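Structure at a glance
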Amino acid sequence: MAAGRMVIGAPAVSETVRDGEEYVRSTVEIAEFFRGREARHEVWFEVGKEYADGLCTMLCDAYVVGLLRYCMQKGLDVASELPMSASLHYNLSTEIIPVLAKGDPAARRIALDVPLVPDSEVRAGKAVGTGASCGADSLYSIITHKGYPDPGHRITHLCINDVGAFNIVYNFRGRDRVRDAVYARASSLAQELGLPLVRTFSNFMEAIPQDHRLSHTFSSCFATLMMRHLWGTYYYSSSGESLSGFGVDGFLSRGPDEYEIMLLPAFSGPNLRIYSDGAGVLRTEKLELVADSEVERKYLHSCLEAEYNCGKCSKCLRNLLTLDALGKLDLFDGVYDVGMYRGSRERSMMIMAEGAKRDRFYSDILDLFKERKPADYEKITAVRDVVDEALEEYGRGVDVRKNVEIISNYVGYSDKCLMVTVHEMMANGGFERNYERIVSMLKGMCSRSWTYPVVLLIDVYLRGGESRKAFKLARGYSDVKDRRIALRIARMYRDGTGTRQSRRKAMLWMKKCAGLKGVDLRN
């Protein structure tokens, strides 16, 4: 039995102005009845007036697809004042919902109680499009389809859809700041390629919040289906997870890229085909194609942290390592801070070697080093194995002195090595005796590409009674997206340590902490 019901209302269409340009807005009220409580969500979607004919206001398809995972998780049957295309209803009811429900016992097999319309009565679009986020997957789709021999599969438009994810992913830097940079980059690329850029906006992910990591395929297809009178073919750039990690067991806790190869054909129909593009191509292979494409490589943007490529987050680091293995780093000087990467190359290589044990992207890059730069591969895997063994024995209390000596030789390679080394220097009354040595060592290692030494040095200063130095150091790195630094700034403002006490500023920094990702201390 369902736990509730989701009711999609009829749209109200209006005109609005955004950044001096005319847009058409479709607004729908969605009523959610769940365990005796009622919530009403107003969801709007906007597109430039020149593409108003592509906006689909006659179907509920986009809303059902965008909320499918949400409804299955909460057990909400779906009703609608708008009809659904017959083929989508069939695909969801007979294939997707039963399979997903069987794959995860926490999901409910929901019912779609909606009127149907034959696909023959749905106006078909003719445009061929793909997103222009300018990540490696996005640029791969653009490069491989901008001059495709068959006109029916050749890209005619690029697209940027803002469904609210900018505010979720980039809340530290600010949604508008990052969004404007993404649009400017996409606009420049589209102009250079001679293709029109379709821009859409929606509050979809804000009106009915979902975890972006677990729902991005659904929300992206919401935007695509809202424009189904424009699109005849749409390439959804795949990360490749659909092939390497395909599965629906426990799907509610898995990224949809792991099963999108099943979803996208079902979300398609006779009048619109959504392809999972590049699913069988390694990210390393895509980046090699981008590197060899003179136009597209200028626009590569991989960052999870900022409107520019920070060079430190996992996606930036994976791209830099891949370009290093390919011998193409210098082609991207200016796209990335190549000098900063080279300055911390050993640590980056160690992150890759350790990460390869549990992350397929790092594993693919390590394989690329083995193929293209075997000497680097042999060196870093040997270091990894020595460090892993020393850390494992140290953790068990075996040959502590010998293993600390080994570990201390590799403080520049990983957080763990540095943490153990500093801990041992401070142990057994050694803090006062080794204070200047510890400070000097950490000072020499602090950088924007590696913030863990900064965190340790802040703590050392605080323990050594030099709170002003601690606060000055923390504020000097306050623009770096690191929860550990932000938390220390919040505490110092709260307690008046090293600065004037300010509860207001402490609260502001605590809010920033809440918006930052956790930090992986495994490397």
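Right, let's walk through the structure included here. For clarity, every value in this text was computed on a predicted model and none was experimentally measured.

Re the overall build of the protein
Within the protein, the secondary structure is distributed over 23 helices and 13 strands. Looking at the protein residue by residue over its 523 residues, the buried ones come to 57%. Within the protein, contacts between residues at least 6 apart in sequence are counted, and of these 69% link residues at least 24 apart. Roughly 22700 Å² of accessible area belongs to the protein as shown, and the carbon and sulfur atoms make up 48% of that amount. Positive and negative side-chain charges in the protein, numbering 72 and 69 respectively, have mean positions lying 6 Å apart.

A closer look at a positive patch on the surface
A surface patch of like charges, here positive, comprises Arg475, Arg500, Arg504, Lys505 and Lys512. A per-element tally of the positive patch places helix 23 (residues 503–514) first, with 3 residues. Along the polypeptide, Arg504 turns up in helix 23.

A closer look at the nonpolar core
Side chains of nonpolar character tend, in soluble globular proteins, to be buried together. Within the largest apolar cluster, 67 residues are counted, with the highest numbers of intra-cluster contacts made by Leu158, Leu321 and Met352. Setting aside residues up to four positions removed in sequence, Met352 forms contacts with Leu321, Tyr362, Ile365, Leu366, Phe369 and Ile380. In terms of nonpolar packing, the next biggest core, distinct from the first, is built from 64 residues, Val28, Met72, Ala127 and Ala207 among them.

So, the pairing of strand 12 (residues 231–237)
Extensive coverage of strand 12 is indicated by the burial of 7 of its 7 residues. Pairing geometry for strand 12 and strand 13 (residues 273–277), over 5 bridges, is parallel. In the sheet register, Tyr235 faces strand 13, and the bridge partner there is Tyr275.

A look at the packing of helix 4 (residues 136–145) against helix 11 (residues 283–291)
Helix 11 packs onto helix 4 with a crossing angle of 60 degrees between their chain directions and a minimal axis gap of 9 Å. In terms of orientation, helix 4 lies oblique with respect to helix 11. Taken as a pair, helix 4 and helix 11 cross one another with a handedness that is left-handed. Counting all contacts with helix 4, which are made through Ala136, Asp137, Leu139, Tyr140, Ile143 and Thr144, the residues of helix 11 involved are Arg283, Lys286, Leu287, Leu289 and Val290. Within the contact of helix 4 with helix 11, the residues separate by chemical class into 7 nonpolar, 1 polar and 3 charged.

Description of the pairing of strand 3 (residues 21–34)
Bridge count for strand 1 (residues 4–8) against strand 3 is 5 bridges, and the pairing is antiparallel. Across the sheet, Ile8 pairs through a bridge with Ile30, a residue of strand 3. Direction of pairing for strand 2 (residues 12–18) relative to strand 3: antiparallel, over a ladder of 7 bridges. Residue pairing across strands places Val13 opposite Ser26, the latter belonging to strand 3. What sits between strand 2 and strand 3 in their antiparallel hairpin is a turn of 2 residues, with Asp19 showing a positive phi close to 50 degrees. Taking the residues between adjacent antiparallel strands as the criterion, strand 3 and strand 4 (residues 37–48) are bridged by 2 residues, where Arg35 takes a positive phi near 50 degrees.

About the criteria used
- Residues numbered from 1 in each chain as written.
- Predicted model: local features only at pLDDT ≥ 70, side-chain atom pairs only at ≥ 80, totals over all residues.
- Heavy atoms only, no water.
- Helix = DSSP H or I, 4+ residues; strand = E, 2+ residues; numbered from the N terminus.
- Buried < 20%, exposed > 50% of the residue type's maximum accessible area, 1.4 Å probe, protein only.
- Contact = heavy atoms within 4.5 Å.
- Areas by Shrake-Rupley, 256 points an atom, 1.4 Å probe, with all protein chains shown as cover.
- Lys, Arg positive; Asp, Glu negative; His and termini not counted.
- Charge placed at Lys NZ, Arg CZ, Asp CG, Glu CD.
- Patch = residues over 30% accessible without salt bridge, like charges linked within 9 Å, V, L, I, M, F, W, Y side chains within 5 Å.
- Salt bridge = Lys/Arg side-chain N within 4 Å of Asp/Glu carboxyl O.
- Core = buried A, V, L, I, M, F, W, Y, C linked by side-chain atoms within 4.5 Å.
- Pairing = 2+ DSSP bridges.
- Axes fitted to C-alpha atoms, helices over the stretch in contact; angles between N-to-C directions.
- Parallel < 35°, antiparallel > 145°, perpendicular 65-115°, else oblique.
- Left-handed = near helix turned anticlockwise from the far one by under 90°.
- Nonpolar A, V, L, I, M, F, W, Y, C, P; charged D, E, K, R; others polar.

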